[in-house]
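The lines below spell out each chain.
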Amino acid sequence: MSVKLNIANSEAEVLTSLADFFIAKGNEAITAHGRFSVSLSGGSSPKKLYELLASAQYKNQLDWTKVDLFFGDERNVPQDHKDSNYLMAKIALFDPLNIPKENIFAVNTSSGPEGASKEYTVTINNYFKGEDAVFDLVLLGLGDNSHTASLFPHTPILHDRSSSVQEVYLHDQQVFRISMTARMINQAKHIAFLVYGEGKAIAVHHVLEDAEDIQEYPAQLIRKDDDVQWFLDEAAASKLEKK
Ligand SMILES: O=C(O)[C@H](O)[C@@H](O)[C@H](O)[C@H](O)COP(=O)(O)O
């Protein structure tokens, strides 16, 4: 089984291609079951995607009152901190589109590592009424060390087979993040990676083409099938042998 590669000439084209995909999956989900549940990725790459979705070019292509927004991972910072994935999405997407508060499911990082991960697991399970958490779409990025969400190399979460949200300790336990496990992500109907820039090319090759080594290349934990799409620019795809 392999993934679907969408390789564009430029960053702008990648963003447009993924925005079109997002809108198409959103309308499909709303037609099928009345809602569109999305897990957002954080970091710097997706900010431009969220700004594009909130722009005049896209904002009227989807009924945003029927979109429920979650986070695949979050940093150990307050929701008004510059590093917060929630704050980035609030500024780029939620505020410009006036997303109703009840449709935004943020991580309560004020509860500390364990509290926040347990609470968020409950939030997600309640949303899915105790059934398996099956997001209509999970957006992911890729770090240059081949992590995705906060599935970082050599961390215990890589062995967690539960469908849940766990705390991830980094830098000798000094910093923590909250992340969905690979299993929760892999349950999604659709998964879309957004990766652009030369700096990610080696990681893209490791994850998609190297022999399995999930400790070194955790994003290899994410399933590979036709419902997993990689949106790449030429630069990020430049080290791929098979395109
Ligand atoms: O919280 C986060 O940082 C993300 O969820 C993380 O997995 C991100 O997608 C990668 O680190 C790539 O980040 P950039 O897009 O900033 O390179």
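Residues numbered from 1 in each chain as written. Predicted model: local features only at pLDDT ≥ 70, side-chain atom pairs only at ≥ 80, totals over all residues. Heavy atoms only, no water.

K.L.:
Could you give an account of the packing of helix α2 (residues 45–53) against helix α3 (residues 85–94), naming the residues involved and the relevant values?
P.N.:
How two helices pack is summed up by the angle between their axes together with the distance between the axes. At a minimum axis distance of 8 Å, the contact between α2 and α3 shows a crossing angle of 30°. With respect to their mutual orientation, α2 and α3 come out roughly parallel. The residues of α3 that touch α2, namely those facing Pro-46, Lys-47, Tyr-50, Glu-51 and Leu-53, are Met-88, Ala-89, Ala-92 and Leu-93. Residues belonging to the contact of α2 with α3 are distributed by class as follows: seven nonpolar, no polar and two charged. (Axes fitted to C-alpha atoms, helices over the stretch in contact; angles between N-to-C directions. Helix = DSSP H or I, 4+ residues; strand = E, 2+ residues; numbered from the N terminus. Parallel < 35°, antiparallel > 145°, perpendicular 65-115°, else oblique. Contact = heavy atoms within 4.5 Å. Nonpolar A, V, L, I, M, F, W, Y, C, P; charged D, E, K, R; others polar.)

K.L.:
So what's going on with the UniProt feature "domain: Glucosamine/galactosamine-6-phosphate isomerase" (unreviewed entry) in the protein chain? Which residues, and what values?
P.N.:
Here, the residues flagged by UniProt with the feature "domain: Glucosamine/galactosamine-6-phosphate isomerase" (unreviewed entry) are residues 10–230. Strand forms 17% of residues 10–230 and helix 33%; the C-alpha atoms that close the span are 14 Å apart. (UniProt positions renumbered as here; feature names shortened; annotations may be inferred.)

K.L.:
Quick rundown of the sheet that holds strand β6 (residues 165–170)? Include the residues and the values.
P.N.:
Within the open sheet, the three strands sit side by side as β4-β7-β6. Their pairing is antiparallel. Of all strands in the sheet, those bounded by a partner on one side alone are β4 (73–75) and β6. The mean angle between the axes of side-by-side strands here comes to 25°, regardless of whether they run parallel or antiparallel. Judged from the six bridges that link them, β6 and strand β7 (residues 175–180) form a sheet pairing that is antiparallel. Within β7, the residue paired with Gln-166 across the bridge is Ser-179. Together, β6 and β7 form the strand contacts of helix α4 (residues 112–127), whose direction differs from that of β6 by roughly 155°. (Pairing = 2+ DSSP bridges.)

K.L.:
Before we move on, can you summarise the pairing of β7 with the specific residues and values?
P.N.:
Counting buried residues along β7, five of its six residues qualify, which places the element largely inside the surrounding structure. Alignment of β4 against β7, held across three bridges, turns out to be antiparallel. Bridge pairing in β7 links Glu-74 to Ile-178. Counting the residues in the hairpin turn of β6 and β7 gives four residues, including His-171, whose phi is positive at 45°. (Buried < 20%, exposed > 50% of the residue type's maximum accessible area, 1.4 Å probe, protein only.)

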